[in-house]
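Residue-level structure breakdown
These are the residues of each chain, in order.
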Amino acid sequence: MMSEKTQLNIPRHIAIIMDGNGRWAKKRLHPRTDGHRAGADAVIRVTQAARDLGVEYLTLYAFSTENWKRPAEEVGALMSLLSHFLDSKLEKLINDGVRLKTIGRTGGLPEPVRSKLLNAVEKTRQNTAQTLVLALNYGGRAELTDAAGKIAADAAAGRLDPEKMDETVFRQYLYDPEIPDPDLMIRTSGELRLSNFLLWQLAYTELYVTDVLWPDFDRNDLVCAIEQFNRRDRRFGAINESSL
Ligand code: FPP
């Protein structure tokens, strides 16, 4: 365990599109909600594994702005899972030193999920071992549109000089400017899409797609993704020293 940690360059921030819960359930002839339940177990397992490996920030795409289009029963099941997660794991998050954050239009989430989230974020605010970011009612376009609205309002009120707009200023209008851009983005279950996830933040992120379905994703799969990340040559648009 320790050798992995010392040999590998561990990404500071990993973001994950947790896809494949439905297919996992279908393969077993179970209702889709069983897949989400197994997906919630994977959330616990992978959060723990990421913490053990020294990943500082883990962002999980738990509910998108498009997920409201799913049948009401499935949306309800996802909200109950989230509510149950917050009830049953808050104590553990606190004890493990995990700081919970959210990104997304969380004001649009139903009660009691909304107030449980606010409570969990507040109770874990001072924790420093790891930051777990749940993307909830999140869409990359919604985030950029919300930023544009706040920028327009600040400019109209004279709080922002349009001449001063640059990437550093723009970033301050994202949902949580403190969170660094992801170094590695993992998508499970094989789809080669961004699905409206972190459109601004993923500009230079390394992408890793695995066929493993989210409920099956474990510590070993996470290590494989990090090993692959270690073989990438990150240049951020420049060229590397050896090419000079
Ligand atoms: C995608 O699988 C997954 C989701 C839309 C929801 C993710 C939610 C969880 C993992 C559980 C709840 C989260 C927490 C934080 C407790 P899919 O249903 O699109 O799968 P499919 O593409 O195979 O149908």
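The structure this text deals with has already been given above.
Let me begin by describing the structure that accompanies this report. (Residues numbered from 1 in each chain as written. Predicted model: local features only at pLDDT ≥ 70, side-chain atom pairs only at ≥ 80, totals over all residues. Heavy atoms only, no water.)

Some remarks on the pairing of strand β4 (residues 130-138)
This is how the line gets drawn: Each residue is assigned to one of three classes by its accessible area relative to the maximum for its type, calculated with a 1.4 Å probe on protein chains only: buried under 20%, partly exposed between the two thresholds, exposed over 50%. We count a stretch as a helix when DSSP gives it H or I for four or more residues in a row; a strand needs E for two or more, and each element gets its number in order from the N terminus. When DSSP finds two or more bridges between two strands, those strands count as paired. When the strands point away from the viewer, a crossover counts as right-handed if the route from the first strand across the helix to the second turns clockwise.
Taken across its nine residues, β4 has nine buried, putting it largely inside the fold. By the bridge criterion, six bridges tie strand β3 (residues 98-103) to β4 in an arrangement that is parallel. When the bridges of β4 are listed, lysine 101 appears paired with valine 133. Crossover handedness for the path β3 to helix α5 (residues 113-123) to β4: left-handed.

With respect to the site of the ligand
The following threshold applies: A single heavy atom is enough: if one lies within 4 Å of a molecule or strand, its residue is considered near that molecule or strand. The definition of a polar contact used here is a pair of N or O atoms within 3.5 Å, where within protein one atom must be able to donate a hydrogen and the other to accept one, and adjacent residues in sequence count solely through side-chain atom pairs. The accessible surface values rely on the Shrake-Rupley method and a 1.4 Å probe; as for residues, cover is taken only from the protein chains in view. Residues are sorted three ways: Asp, Glu, Lys and Arg are charged, Ala, Val, Leu, Ile, Met, Phe, Trp, Tyr, Cys and Pro are nonpolar, and all the rest, Gly among them, are polar.
Taken together, 18 residues sit near the ligand, with Asp19, Gly22, Arg23, Arg32 and Arg70 positioned nearest. Between asparagine 21 and the ligand, the recorded distance is 3.2 Å, taken from a backbone N or O atom to an oxygen atom. Here arginine 23 contributes a side-chain N or O atom positioned 2.7 Å from an oxygen atom of the ligand. Bound to the protein, the ligand loses 91% of the 630 Å² it would expose on its own. Going through the elements one at a time, α2 (21-27), α3 (32-53) and α4 (72-95) are the ones with two or more residues in the shell around the ligand. For the shell around the ligand, the element with the most residues is α3, which contributes four residues. Of the residues assigned to the shell around the ligand, the class counts are eight nonpolar, six polar and four charged.

A short note on the packing of aromatic side chains
Heads up, the condition is: Note on ring pairs: Phe, Tyr and Trp rings are taken, using the six-membered ring of Trp, and paired if centres are within 6.5 Å. Classes follow the plane angle, with under 30 degrees stacked, over 60 edge-to-face and the rest tilted. Whether a charge lies above a ring is judged from NZ of Lys or CZ of Arg, which has to be within 6 Å of the ring centre and within 35 degrees of the ring normal.
Within this structure, the stated rule accounts for eight aromatic pairs. Considering the side-chain rings of tyrosine 61 and phenylalanine 197, the 4.4 Å spacing of their centres and the 10° angle between planes classify their relative orientation as stacked. Separated by 136 residues along the polypeptide, tyrosine 61 in strand β2 (residues 57-64) and phenylalanine 197 in the loop between β5 (184-187) and β6 (206-209) bring together distant segments of the chain. For the pair tyrosine 204 and phenylalanine 236, a centre-to-centre distance of 5.9 Å together with 50° between the ring planes defines the contact as tilted. Of the two residues, tyrosine 204 sits in the loop between β5 and β6 while phenylalanine 236 sits in the segment after α8 (219-230), which places them 32 residues apart along the sequence. Take phenylalanine 236: its relative accessible area is 52%, and that puts it in the exposed class. Chaining the aromatic ring pairs together yields one cluster made of Tyr61, Tyr138, Tyr175 and Phe197. The ring of tryptophan 24 has arginine 28 sitting right over it, with the charged end atom 3.9 Å from the ring centre.

Things to note about the sheet that holds β2
Here is the rule we go by: Between N-to-C directions, angles span 0 to 180 degrees; the directions come from axes that are lines fitted to C-alpha atoms, helices contributing only their stretch in contact. Contacts were defined at the residue level, with two residues in contact if any of their heavy atoms lie within 4.5 Å.
Ordered by their spatial adjacency, six strands build an open sheet running β3-β4-β2-β1-β5-β6, and the pairing between neighbours is parallel. Edge positions in the sheet fall to β3 and β6, since each of these pairs with one other strand and no more. Averaged over all pairs of adjacent strands, the angle between strand axes in this sheet comes to 20°, irrespective of strand direction. Bridge count for β5 against β6 is four bridges, and the pairing is parallel. Along β6, the bridge assignment pairs isoleucine 186 with tyrosine 208. Taken strand by strand, α5 contacts β3 and β4, and its axis lies near 135° from that of β3. With respect to the sheet, α8 is in contact with β1 (13-17), β5 and β6, its orientation differing from that of β5 by roughly 135°.

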